[in-house]
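Observations on chain architecture
Here is what each chain is made of, one letter per residue.
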Amino acid sequence: MTDLHPVIAKVTERITKRSAASRLKYLSLIERGRDAGTNRAQLSCGNLAHGFAASGEDKAVIRTGAAMNFGIVTAYNDMLSAHQPYGRYPEQIKLAAREVGCTAQVAGGVPAMCDGVTQGQAGMDLSLFSRDTIALSTAIALSHAMFEGALMLGICDKIVPGLLIGALRFGHLPTIFVPAGPMPSGLANKEKVRIRQLYAEGKVGREELLESESASYHGAGTCTFYGTANSNQMMMEMMGLHMPAASFVHPGTKLRQELTRAAVHQLSRIGWDGDDYRPLGHCVDEKAIVNAIIGLMATGGSTNHAIHLPAMARAAGIIIDWTDFAEISDVVPLLARVYPNGSGDVNNFHAAGGISYVIRELLENGLLHGDIPTVARRGLADYGQEPVLENEALVWKDVPESRDTSILRPVSDPFSPDGGMKLLSGNLGRCVMKVSAVDKERWTIEAPAAVFHDQDDVLRAFKAGELERDVVVVVRFQGPKANGMPELHKLTPALGVLQDRGFRVALVTDGRMSGASGKVPAAIHLSPEALGGGPIGRLRDGDVVRVCAETGEITALVDTAEWRHGTFRRRPLPPMIPGASCSRCSGSIAIWRRAAPRRSSRRWKPKFKAHPRSSRRTLGSREAMPCAHAGDPSVRRDDDINGEVFVTEIIAADIGGTNARFARARLDARNVPTLGKVRKYKVADYPSLQACWAAFVADEGGDLPTSASIAFATAIGREVIKLTNSAWVIRPDTLTQELGLKHLRLVNDFEAVAHAVARLPEENLPLLFGEDRPFPRDGGVTILGPGTGLGVAMIAFDDGEPHVIATEGGHLDFAPLDPLEEKILAYLRDKFLRVSTERIVSGPGLNNIYKAMATIGHDRVVLMEDAELWQAAIDGTDEFARAAFERFCLSYGSVAGDLALAQGPHGVVLAGGLTQRMRELLPQSGFHQRFTAKGRFESLMKSVPIRLAMHDEIGLYGAAAAFREKK
């Protein structure tokens, strides 16, 4: 056997080093599962009796514990062709287990949805999520501690990844995956594609299309194209988790039954009490994961595994990324052409030598790890043979050469010198592209973009003839955050038609294509996705996009400065409506009409007059563009226009009890700030605000603006402003003169936060809960966040214009909702007499809860400072601190819901540093349950969008944004 290729060795070593800590933790976990975990021998009599109560003739054997018992986890249902054959497997497996003195039970079932059925339908949004449900279902099935080995019955897209992820949680159990095989070949693939494209062009009807599809998908077994389902089977072979070459043997045949029987017999040898114990967690190691990647490249497998394999690996404590895929792809040749990468299907592939031939070729040429622990006897070498029946007995024989070189070729004469998947990167992010079915002349596409947010809109544009040109079709807001990342395979026929008409066409999306993606270049899984603020959100219709698999490039060919300052959009903007004018200077203003929500006839009408003072609504239904004088170099930063001060540059300051922050800020005509360098000073180091201001002026240097906006962490409007924890005394009536300014605006710090929220771009306001909808045109949005106290403000929208209202909502009386909260309230009343909301929902509030719960439960706890307690709660290093945090989240949700009802249940934005630290934990807490628990308003509250304000300097940003607002 040839030495391992140096690149594969290097990538494997890098993965091993990268994963060292997490892999060690995982191996320790499964060792505990084996040595100290719950098992049948440790079950109580009641537990055990429940476990074998209905096991029929196996009852006595299971009761004694003298023989191994195997758990069967099945994806059987009789609606899906791939899983219908599994209906009789449990009976076969039980018989085979008895032959070797073992028993077997169906431990549980997992859902098995089919992308072929849900493709292009609403159900497709659940597809990717189903993998995690399958993993959970698998873990539940194996959690009963009744088993010494496991058999996984599953085939298709998310099913095998989910089964493996769940099974790895019980990695101390030896586990074998048992396939059911593909259906026989039906209608020729070329003919199927022809009919699909004719239907896309409107040249044949639905009946002809249905007849074609029925002839293609016509019986029990997996679909015969080489998509995600059959790529799953290939990977299980490459990782050594099947019986060798079991993947592509037809259901219902004698050979298939014997392979299933052999799997059960082999499990008895490698099971918990077998002579050759091989736990799943040891079989799935770094080398096995690398083998799976190699198999994808060598066979042109499904791009879906660029998502699934990292998750599968992580379940075993192994960390991989797309760079590993790309480097392996560069050195692994493409040995197979299977539809959609070629004319033959998986049956033709299997007949030509199949996976056995591929594994043997790769092993002999140093392109595969042969020394991995597999479920077979001799390791991966066994997988270079194919199973046959001789005199009714199952044997494995060598596959000396390809039986059809149009489908399978040797390493010495591959279809391509490198693999079938490319990693692309550029100013649009990172993505993958499957090129094994794409003509080399189409590996590079450079064309204007046509931007869509729904695949049905693409098809409408195609039917209307709007895509009859060289085009890069961009379909965004298709990632997991946006809608679950459905596959967009229904676009393939239409794009294929355009390509066949001679146009240069590519697809760019943050969503997925099917594992059956074919001849049209498709740059998919673009990350970061649009909803999270990914650069794909900047693209406009007509922007030229370059997609190049040769150089690994995915780039918008837009001027750098223009690109950097581009706007992220939620929906494309239709043509401008002319005719409105600036009420201040009579200049022409262009006003956009945004697309109305689908199935709604309501449209915004241009009945208002906009001015630079008007703020920009990034999540609203309209956007006013600047008038003629906005941004004009002749307009100085403090110029007076028609009696109005139009300032474009100010000093912004955010003054707290501990730190003071300053920065120059530019304001555009829509009142959106851009902050310069932020300078931070310790308040305790300066005797007064004036002294601190002087330090900033000296550090900043140059010609400073003579206008400023300052946010203070205290109430504004009194004759004297005093800060908590500070000796500073500020007199607003003399401050403008003392600081040498012409214009000064003072705001409360949380009022500033609300001003910031009104202007933050969408990517800075990610959705946490509720419906993803824009801010209202009319109505209130609640802003709140715990800090030293509980900040509460409101944005009141009037015909789309935001007006910030500062409130003292944090000082409302706290209302307990359960017995423990009543006890906490009683404890705090003894200390404070009156208990306001911020005594509980604030930074110090967590400590109040912590101490109250300890006193109520008579627990001895370690008293901590607020910051230390928050760290322990979020890290989970102190169980009692985490329990107090859970209680905090309940109260936080309850208060947020009350305020939303009071101020208008149109939207809530959570702000502040503490909330940002809680971001990962809030969705797992009872926050939203309490937020929605409002009696007959519960259904309304579930729809309220709750967003998180994300900005490193939100106080400064908001102070700047507040400058031009009316006082």
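Residues numbered from 1 in each chain as written. Predicted model: local features only at pLDDT ≥ 70, side-chain atom pairs only at ≥ 80, totals over all residues. Heavy atoms only, no water.

On a plain count of helices and strands, the chain comes out with 33 helices and 33 strands. Every one of the 967 residues in the chain was classed for burial, and the buried ones make up 59%. Put simply, 73% of the contacts in the chain that link residues at least 6 apart link residues at least 24 apart. Only carbon and sulfur atoms are counted for the fraction: they give 51% of the accessible area of the chain, which is about 38,900 Å². (Helix = DSSP H or I, 4+ residues; strand = E, 2+ residues; numbered from the N terminus. Buried < 20%, exposed > 50% of the residue type's maximum accessible area, 1.4 Å probe, protein only. Contact = heavy atoms within 4.5 Å. Areas by Shrake-Rupley, 256 points an atom, 1.4 Å probe, with all protein chains shown as cover.)

What follows deals with the sheet that holds strand β3 (residues 149–153). Ordered by their spatial adjacency, 4 strands build an open sheet running β2-β1-β3-β4, and the pairing between neighbours is parallel. The open sheet is flanked by β2 (103–109) and β4 (175–177), the only strands paired with a single partner. Across this sheet, the average inter-strand angle for adjacent strands is 25°, counted without regard to direction. In terms of strand pairing, strand β1 (residues 69–74) meets β3 through 5 bridges, oriented parallel. Looking at β3, one finds that Ile72 is bridged to Leu151. (Pairing = 2+ DSSP bridges. Axes fitted to C-alpha atoms, helices over the stretch in contact; angles between N-to-C directions.)

Before going further, it helps to examine the packing of helix α11 (residues 228–238) against helix α18 (residues 354–364). Remark: α11 packs on α18, axes separated minimally by 11 Å, with the N-to-C direction vectors making an angle of 45°. Looking at the two axes, α11 sits oblique to α18. When the axes of α11 and α18 are compared, the crossing they make is right-handed. Contacts between α11 and α18 involve Met234, Glu237 and Met238 from the first element and Ile355, Val358, Ile359 and Leu362 from the second. For the contact of α11 with α18, the residue count by class is 6 nonpolar, no polar and 1 charged. (Parallel < 35°, antiparallel > 145°, perpendicular 65-115°, else oblique. Left-handed = near helix turned anticlockwise from the far one by under 90°. Nonpolar A, V, L, I, M, F, W, Y, C, P; charged D, E, K, R; others polar.)

Formed by 147 residues in total, the largest nonpolar core has its most connected members in Leu164, Leu241, Leu309, Leu362 and Leu467. A total of 9 residues in this core trace back to one element, the largest contributor, which is helix α14 (residues 286–299). Those residues in contact with Leu164, other than ones at most four positions away along the chain, are Phe177, Met236, Met239, Leu241, Leu280, Val284 and Met312. If you look at the next biggest cluster of nonpolar residues, it comprises 48 residues, including Phe814, Ile840, Leu869 and Cys889. (Core = buried A, V, L, I, M, F, W, Y, C linked by side-chain atoms within 4.5 Å.)

Geometric descriptors of this kind do not, in isolation, establish any biological role.
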